[in-house]
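Tertiary structure, described
Chain by chain, the residues:
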Amino acid sequence: MKQRTLGIDGPSVSAVGLGLMGMSEFYGATDDTQSIATIHRALDLGVNLLDTADVYGAGHNETLLGRALAGRRREEVVVATKFGARLHEGTFTVDSTPQYAKKAVDASLTRLGLDHVDLYYLHRRDPAVPIEDTVGALAELVTEGKIRHIGLSEVNADTLRRAHAVHPITALQSEYSLWERGLETEILPTTRELGITLVPYSPVGRGFLSGAIKDTASLAADDYRRFDPRFQGDNLRRNLHLADQVRTFAAEAGLTPTQLALAWLLHQGDDIVPIPGTKRISYLEENTAAADARLDADHLAALDAALPPGAAAGPRYPDQLMDRVNN
């Protein structure tokens, strides 16, 4: 597996990481045995960036990862987890206070069965809490040895600069893909100026760019995509055209649509490390193969023309969740 570096002086990680969220919730039925086997296969393939969060499955996801890593050599793995997003009885809230940061990391370490986290993200930011205060608390956790590197998720360029002035930020995790390119105007140039690695989540558009999803009827009753605006009504019909475009270009390149979507991201720069999520070994192997894909200048130009920024129909989250991004 090809390697990339997180931040200026962060750890070396696989060019394609693994997002674990779907192993606990949001995308239909889960199976711990299957998920642990997928994590083990990822490590065998050289995938060493494993991404989780305390909110996924109300802690289940971190506990699952801890079980999967038991008996494995700690130095082989770069564990990233997050705090700040809280879900209680269906209500989504955010707590980015320094006090909660210090409480949350201890709970995460217990669930993970680790003595430190390699990369600790602020999952979502409460604009009422100065980012300087939050990052100051995280810097103290670095000094204490509980975390090695600090990350942020879904913040705007100004917040990123203010945070980086307090303590170096190693990674920014935000949504980025062929159908979500909103950060290219201000946020991506800022990460590059500051030497911060971009870690795109949902790099295949929540699976949409794979071409496998034609409607929501086939999705599990609790699948988040049933409520995602881009999967609804006229938005869905318009977006299906984009998936068709990806499928056509993928066939020309000798790749699957998923591999094309990931390869496009990897070709945007060595400072980008996507973390596609999956519960299944077969999809994992498909994803990791994208690290070896090569797209020539003509392919990249054609993709840019076919799926330019703003091409996707509909907002990327329902209104109540859109309020929690780019703060």
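Read on for an overview of the structure.

What counts as what
- Residues numbered from 1 in each chain as written.
- Predicted model: local features only at pLDDT ≥ 70, side-chain atom pairs only at ≥ 80, totals over all residues.
- Heavy atoms only, no water.
- 1 Å grid on protein atoms, 1.4 Å probe; cavity = no way out; pocket = protein on both sides within 12 Å on 5 of 7 lines; lining within 4 Å.
- Points joined across faces, edges and corners; volume = space filled by probe spheres on them.
- Helix = DSSP H or I, 4+ residues; strand = E, 2+ residues; numbered from the N terminus.
- Nonpolar A, V, L, I, M, F, W, Y, C, P; charged D, E, K, R; others polar.
- Pairing = 2+ DSSP bridges.
- Contact = heavy atoms within 4.5 Å.
- Axes fitted to C-alpha atoms, helices over the stretch in contact; angles between N-to-C directions.
- Parallel < 35°, antiparallel > 145°, perpendicular 65-115°, else oblique.
- Left-handed = near helix turned anticlockwise from the far one by under 90°.

**A closer look at the layout of surface pockets**
Rolled over the atoms, a probe as big as a water molecule pinpoints where empty space is left. Its boundaries defined by the atoms lining it, the second largest pocket holds a volume of some 290 Å³. As for the second largest pocket, its lining consists of 14 residues, of which Asp54, Val55, Arg86, Tyr100 and Arg111 are closest to the centre. Within the residue set of the lining of the second largest pocket, elements represented by two or more residues are strand S6 (85-88) and helix H3 (98-112). Considering every element that reaches the lining of the second largest pocket, the biggest residue donor is H3, with 5 residues. The class makeup of the residues in the lining of the second largest pocket is 7 nonpolar, 2 polar and 5 charged.

**Some thoughts on the sheet that holds strand S11 (residues 197-201)**
Pairing within the open sheet is parallel, and its 7 strands lie in the order S3-S4-S5-S8-S9-S10-S11. Two strands close off the open sheet at either side, each with one partner strand: strand S3 (18-19) and S11. For strand S5 (residues 78-83) and strand S8 (residues 117-122), the ladder comprises 4 bridges, and the chain directions are parallel. By the bridge assignment for S8, Ala80 is matched with Leu119. Of the strands in this sheet, S5, S8 and strand S9 (147-153) are in contact with H3, which crosses S5 at around 135 degrees.

**Looking at the packing of helix H8 (residues 257-266) against helix H9 (residues 281-289)**
Viewed as axis vectors pointing N to C, H8 and H9 meet at an angle of 40 degrees, and their least axial separation amounts to 8 Å. Our classification of the angle between H8 and H9 gives oblique. Here H8 and H9 pass one another in a crossing that is right-handed. Residues Thr258, Gln259 and Leu262 of H8 lie in contact with H9, whose contacting residues are Glu286, Asn287 and Ala289. Residue classes in the contact of H8 with H9 are distributed as 2 nonpolar, 3 polar and 1 charged.

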